[in-house]
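Letter by letter, the chains look like this.
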Amino acid sequence: MGQESDKALIEAALSNLLDPIAAMLLRNGVTFQEFTALAKGTYVAVAQRDFGVRGRPTNTAKVSALTGIDRKEVKRLKDLLAQGARVAEAREGQDKMSRVVRGWYEDPEFLNEQGHPAHLLLDDGTLSFKELARRYSGGLPFNVVLKELIRAGNVVELDGGALRVLKPFYTPPGSDPQAMLRAGTVINELANTLLHNLYLTHESPKKTLRFERRASSNHILAKDAQAFKDFLNHEGQAFLERVAQWIVAHQIDPNAQPPSHNPTEIVRLGVGVYGIESPNQGER
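This text gives an overview of the structure that appears in the document. For clarity, every value in this text was computed on a predicted model and none was experimentally measured. (Residues numbered from 1 in each chain as written. Predicted model: local features only at pLDDT ≥ 70, side-chain atom pairs only at ≥ 80, totals over all residues. Heavy atoms only, no water.)

### Overview of the overall build of the protein chain
Secondary structure assignment for the protein chain yields nine helices and two strands. Listing the helices and strands of the protein chain from first to last along the sequence gives α-α-α-α-α-α-α-β-β-α-α. In summary, the protein chain has a C-alpha radius of gyration of 25 Å against a globular reference of 19 Å for 284 residues, an excess of more than 25%. Projected onto its principal axes, the C-alpha coordinates of the protein chain cover approximately 70 × 60 × 55 Å. Counting every position in the protein chain, which comprises 284 residues, the buried fraction comes to 22%. For the protein chain, contacts bridging at least 24 residues in sequence account for 50% of all contacts bridging at least 6. With an accessible surface of roughly 21100 Å², the protein chain has 57% of that area assigned to carbon and sulfur atoms. Positive and negative side-chain charges of the protein chain, numbering 35 and 34 respectively, have mean locations separated by a distance of 6 Å. (Helix = DSSP H or I, 4+ residues; strand = E, 2+ residues; numbered from the N terminus. Rg over C-alpha atoms; globule rule 2.2 N^0.38 Å. Buried < 20%, exposed > 50% of the residue type's maximum accessible area, 1.4 Å probe, protein only. Contact = heavy atoms within 4.5 Å. Areas by Shrake-Rupley, 256 points an atom, 1.4 Å probe, with all protein chains shown as cover. Lys, Arg positive; Asp, Glu negative; His and termini not counted. Charge placed at Lys NZ, Arg CZ, Asp CG, Glu CD.)

Laid out in structure tokens, this is it:
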């Protein structure tokens, strides 16, 4: 019963962790298939890096046992990682909208004499958008595909009704890959601090806890939310400015010639401050 209870707690924690991540991924056009392909490779990379004996990479058999991925697939993924390749290959799990757009750019039947994407009529003849969608959308109705690609700025309708593709990649409206990259870094840094405090300090007596605190309440009137934001913007900014002063006073010159320190002696230090606001859903 204790193990079942622990499993339920872990699943609840994982759901909390994945909820905002899934929301960000969906807004940036990352499909479930792409996520699972990348997650599988990340599982192998972390198992290989962190669970070996005396600092050595974990062998294939142990990685397979830890991750539940069969040995043949583990070896394939390890070989890709060793080559510096992205484990989630560009075509693996590629979403349906992207396949349509790439087909328009790559399928010779939909290119003009200059090798560029041809202007297509909606559903007239074999070189039509309807035929393009039939080949590459995985069964989605062609009018649904067209509406989404127009909304995303991939396709425009010309005078006379012909359709023109504008860019060779599909990103959902409102997505911002650079902002997503920053968000991924922030989540990574916070999650690594939690990982360090939860597990790594117990595995190595030399490691000390990193600062990680929060102050929150589920019993604040909604009308006071803006006052709290104003307070946090002022106090948080003042705190971060003092942190920045400390960092400037202690950082070394990265352009010094010759380098004054060995790269292994240099670490990344900093702090992140974030606000909390959500409907009252009980203590977390």
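Here the narrative resumes, following the displayed structure.
### Digging into a nonpolar patch on the surface
A contiguous nonpolar patch, built from L190, L194, L195, L198, Y199, Y274 and I276 and spanning about 640 Å² of accessible area, is present on the exposed surface. Looking at where L195 falls in the secondary structure, it is placed in helix 8 (residues 177-203). Classification of L195 by relative accessible area gives partly exposed; the value is 33%. (Patch = residues over 30% accessible without salt bridge, like charges linked within 9 Å, V, L, I, M, F, W, Y side chains within 5 Å. Salt bridge = Lys/Arg side-chain N within 4 Å of Asp/Glu carboxyl O.)

### Considerations on the packing of helix 3 (residues 60-67) against helix 4 (residues 71-82)
The interhelical angle for the contact between helix 3 and helix 4, taken along N-to-C directions, is 110 degrees, at an axis separation of 9 Å. As judged from the angle between their axes, helix 3 and helix 4 are roughly perpendicular. In this structure, helix 3 meets helix 4 at a crossing whose hand is right-handed. For the pair helix 3 and helix 4, the contacting residues are T60, A61, V63, S64 and T67 in the first and R71, V74, K75 and K78 in the second. Tallied by class, residues from the contact of helix 3 with helix 4 come to three nonpolar, three polar and three charged. (Axes fitted to C-alpha atoms, helices over the stretch in contact; angles between N-to-C directions. Parallel < 35°, antiparallel > 145°, perpendicular 65-115°, else oblique. Left-handed = near helix turned anticlockwise from the far one by under 90°. Nonpolar A, V, L, I, M, F, W, Y, C, P; charged D, E, K, R; others polar.)

### A word on the environment of K130
Along the polypeptide, K130 turns up in helix 6 (residues 129-136). Its relative accessible area of 41% is what places K130 among the partly exposed residues. For the pair K130 and F142, spaced 12 residues apart in sequence, the C-alpha to C-alpha distance is 5.5 Å. K130 has contacts with L122, D123 and F142, leaving out every residue within four places of it along the chain.

### Quick notes on the packing of helix 2 (residues 32-50) against helix 4
Between helix 2 and helix 4, the shortest axis-to-axis distance is 10 Å and the interhelical angle comes to 80 degrees. For the element pair helix 2 / helix 4, the angle class is roughly perpendicular. Between helix 2 and helix 4, the residues in contact are K40, G41, V44, A45 and Q48 and E73, V74, L77, K78 and L81, respectively.

Nothing here speaks to function; it is geometry throughout.
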